[in-house]
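Given next are the chains, with one letter for each unit.
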Amino acid sequence: TMSVIHFLQDALQAPQQAAALLGLAVALTGLLYLLVDALSYRRIPDLDVPLTDEEASEQLQDAELYTPALQQPGKIPCYDPSSMQLLGYAKAMTPTEVREVIAEAKEAAKVWRSSSFSQRRLLLKILLKYIIAHQQEICRVSARDSGKTPLEAVLGEIIVTAEKLSWLLKEGEAALQPSRRGAGVMASYKSARVEYHPVGVVGAIVPWNWPFHNIINPISAAVMAGNAIVVKVSEHCSWSIGYYGRIIDAALAAAGAPPGLVCFVTGYGDAGHALVTGGVDKVRGKCLNVLPGCMSFACCMVMCERHG
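The notes below deal with the structure included here. (Residues numbered from 1 in each chain as written. Predicted model: local features only at pLDDT ≥ 70, side-chain atom pairs only at ≥ 80, totals over all residues. Heavy atoms only, no water.)

1. Focus on the overall build of the chain
Okay, step 1: A tally of helices and strands in the chain yields 9 helices and 9 strands.
Okay, step 2: By the burial criterion, 42% of the 308 residues in the chain qualify as buried.
Okay, step 3: Within the chain, counting contacts between residues at least 6 apart in sequence, those at least 24 apart form 75% of the total.
Okay, step 4: For the chain, the accessible area works out to roughly 16,700 Å², and carbon and sulfur atoms hold 59% of it. (Helix = DSSP H or I, 4+ residues; strand = E, 2+ residues; numbered from the N terminus. Buried < 20%, exposed > 50% of the residue type's maximum accessible area, 1.4 Å probe, protein only. Contact = heavy atoms within 4.5 Å. Areas by Shrake-Rupley, 256 points an atom, 1.4 Å probe, with all protein chains shown as cover.)

2. Quick look at the side chain of Arg 144
Okay, step 1: The topology assignment puts Arg 144 in helix H5 (residues 135-146).
Okay, step 2: Summary of buried charges: Arg 144 has no salt-bridge partner, and the nearest side chain of opposite charge, Asp 80, is 4.6 Å away.
Okay, step 3: Apart from residues lying up to four places away in sequence, Arg 144 is in contact with Glu 54, Ser 57, Glu 58, Gln 59, Leu 60, Tyr 79, Asp 80, Pro 81, Leu 87 and Trp 239. (Lys, Arg positive; Asp, Glu negative; His and termini not counted. Salt bridge = Lys/Arg side-chain N within 4 Å of Asp/Glu carboxyl O.)

3. Observations concerning helix H6 (residues 150-175)
Okay, step 1: Approximately 45° is the largest bend angle found in H6, and it occurs at Leu 169.
Okay, step 2: Listing the buried residues of H6 in full gives Ala 153, Gly 156, Glu 157, Ile 158, Thr 161, Ala 162, Leu 165, Leu 168, Leu 169 and Gly 172.
Okay, step 3: Where H6 is buried, its residues touch helix H4 (117-133), H5 and helix H7 (213-224). (Bend = angle between axes of the 7 residues up to and from the residue.)

4. Some points on unusual backbone geometry
Okay, step 1: For Asp 62, which is not glycine, the phi torsion reads 60° and is therefore positive.
Okay, step 2: Its relative accessible area of 81% is what places Asp 62 among the exposed residues.
Okay, step 3: At Met 84, a residue that is not glycine, the phi angle is positive and equals roughly 65°.

5. Side note on the environment of Asp 249
Okay, step 1: Note on placement: Asp 249 falls in helix H8 (residues 241-254).
Okay, step 2: Between the C-alpha atom of Asp 249 and that of Cys 263, which follows or precedes it by 14 residues, the distance is 9.0 Å.

6. A short note on H4
Okay, step 1: Its 17 residues give H4 an end-to-end C-alpha distance of 24 Å, which sits within 8% of 24 Å, the value for a rise of 1.5 Å per residue.
Okay, step 2: For H4, the set of buried residues is Arg 120, Leu 123, Leu 124, Ile 126, Leu 127, Leu 128, Lys 129, Tyr 130 and Ile 131. (Expected span 1.5 Å × (residues − 1).)

7. With respect to the packing of H4 against H7
Each pair of packed helices can be summarised by the angle the axes make with each other and by the distance between the axes.
Okay, step 1: In the contact formed by H4 and H7, the axes pass within 9 Å of each other and the chain directions differ by 165°. Comparing the axis directions of H4 and H7 gives the class roughly antiparallel. Here H4 runs over H7; the crossing is right-handed. The segment H4 lies against H7, with Phe 117, Arg 120, Arg 121, Leu 123 and Leu 124 engaging Ser 220, Val 223 and Met 224. (Axes fitted to C-alpha atoms, helices over the stretch in contact; angles between N-to-C directions. Parallel < 35°, antiparallel > 145°, perpendicular 65-115°, else oblique. Left-handed = near helix turned anticlockwise from the far one by under 90°.)

8. Focus on the packing of H5 against H6
Okay, step 1: For the pair H5 and H6, interaxial distance at closest approach is 9 Å and the crossing angle is 110°. As the angle between them shows, H5 and H6 are arranged roughly perpendicular. Remark: the crossing between H5 and H6 carries right-handed chirality. Touching Gln 135, Ile 138, Cys 139, Ser 142 and Ala 143 of H5 are Pro 150, Ala 153, Val 154, Glu 157 and Ile 158, all from H6.
Okay, step 2: Class assignment of the residues belonging to the contact of H5 with H6 gives a composition of 7 nonpolar, 2 polar and 1 charged. (Nonpolar A, V, L, I, M, F, W, Y, C, P; charged D, E, K, R; others polar.)

9. Things to note about the pairing of strand S5 (residues 201-205)
Okay, step 1: Of all 5 residues in S5, 5 are buried, a share of seventy percent or more.
Okay, step 2: Of the two faces of S5, both are covered, the one formed by Val 201, Gly 203 and Ile 205 as well as the one formed by Val 202 and Ala 204.
Okay, step 3: Tracing the backbone out of S5, into H7 and back to the parallel element strand S6 (residues 228-232) gives a crossover that is right-handed. (Right-handed = clockwise from strand over helix to strand, strands pointing away.)

10. As for the packing of aromatic side chains
Okay, step 1: Under the definition given, this model contains 3 aromatic pairs.
Okay, step 2: A centroid spacing of 4.3 Å and a plane angle of 5° characterise the contact between Tyr 66 and Tyr 79, whose relative ring orientation is stacked. Of this pair, Tyr 66 sits in the loop between helix H2 (53-56) and strand S1 (75-79) while Tyr 79 sits in strand S1, and the two are 13 residues apart along the sequence.
Okay, step 3: Its end group placed over the ring of Phe 117, Arg 120 keeps NZ or CZ at 4.8 Å from the ring centre.
Okay, step 4: Over the ring of Trp 210 we find Lys 148; its NZ or CZ atom is 4.3 Å from the centre of that ring. (Phe/Tyr/Trp six-rings, centres within 6.5 Å; stacked < 30°, edge-to-face > 60°. Lys NZ or Arg CZ within 6 Å of the ring centre and 35° of its normal.)

11. Describing the pattern of salt bridges
Between side chains of opposite charge, a pair can form as their charged atoms come close.
Okay, step 1: Scanning the model with the defined rule gives 9 salt bridges in all.
Okay, step 2: When the shortest N-O distance is used, the salt bridge between Arg 246 and Glu 55 registers 2.5 Å. Highlighted residues: Arg 246 in helix H8 and Glu 55 in helix H2, separated in sequence by 191 residues.
Okay, step 3: For Arg 246, a relative accessible area of 27% puts it in the partly exposed group.
Okay, step 4: By relative accessible area, which is 3% here, Glu 55 ends up buried.

Here it is in structure tokens:
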């Protein structure tokens, strides 16, 4: 009788012991994952991107107020729309200068099209790490150039940009893999598939409303697909590209990407026209509204050619 009782006790304790061991194994696996993730994160290079006094200051002191009389030939006046404080001037690039930028990007595209997905992911990881660590600076510059509040900048610049980069890191390579297609009944003896190949240089014309997200969005997709990209920023929001451009340049260098892989154009309608007609392989544009004297383009971009 006693042996039967002991047998029953052992049988009842066995599931409890198994559950405890399973819980311990899950906990150890979770800790190991966190440890590996932390070590991997530490291995991502850190960027050192200096800020100007205007970019670093919470408030501008004794800044001159902008008036149309302050316009200068060949330059774009930049000012804070919320305070009308003058921030400085950006270069109004000529069509010749825009075509020179495109030519530089074409040379970089020849190198980058052969880059590995591992290197492309490294570039995006470097950008994402910097964005998370420097949200305040990015939002300050965005708010100052666009006139938005810092809270709007967090929602429209940081959160959506981080999500886009995270998605590309997880899904980008898989999305660009060849995929099979049905050939139909009449061509059942054939097979079909879609392959994605870098197109070369993407041209992007972006609006003013989210100066950081509007450049990172096309840049991240273009470089993940193996392309170079030339981005024309809005003439109504050209001051912030000084800081944001330095971030991109530092990330490219840290990832071992070729110089000129990502280039920026500042200017008016003639600069946008030169970008679209100057030899880029694909164009992406987004038009919010049409302003007098401005040329707008609404184009659809496919980052990679489809070969079926």
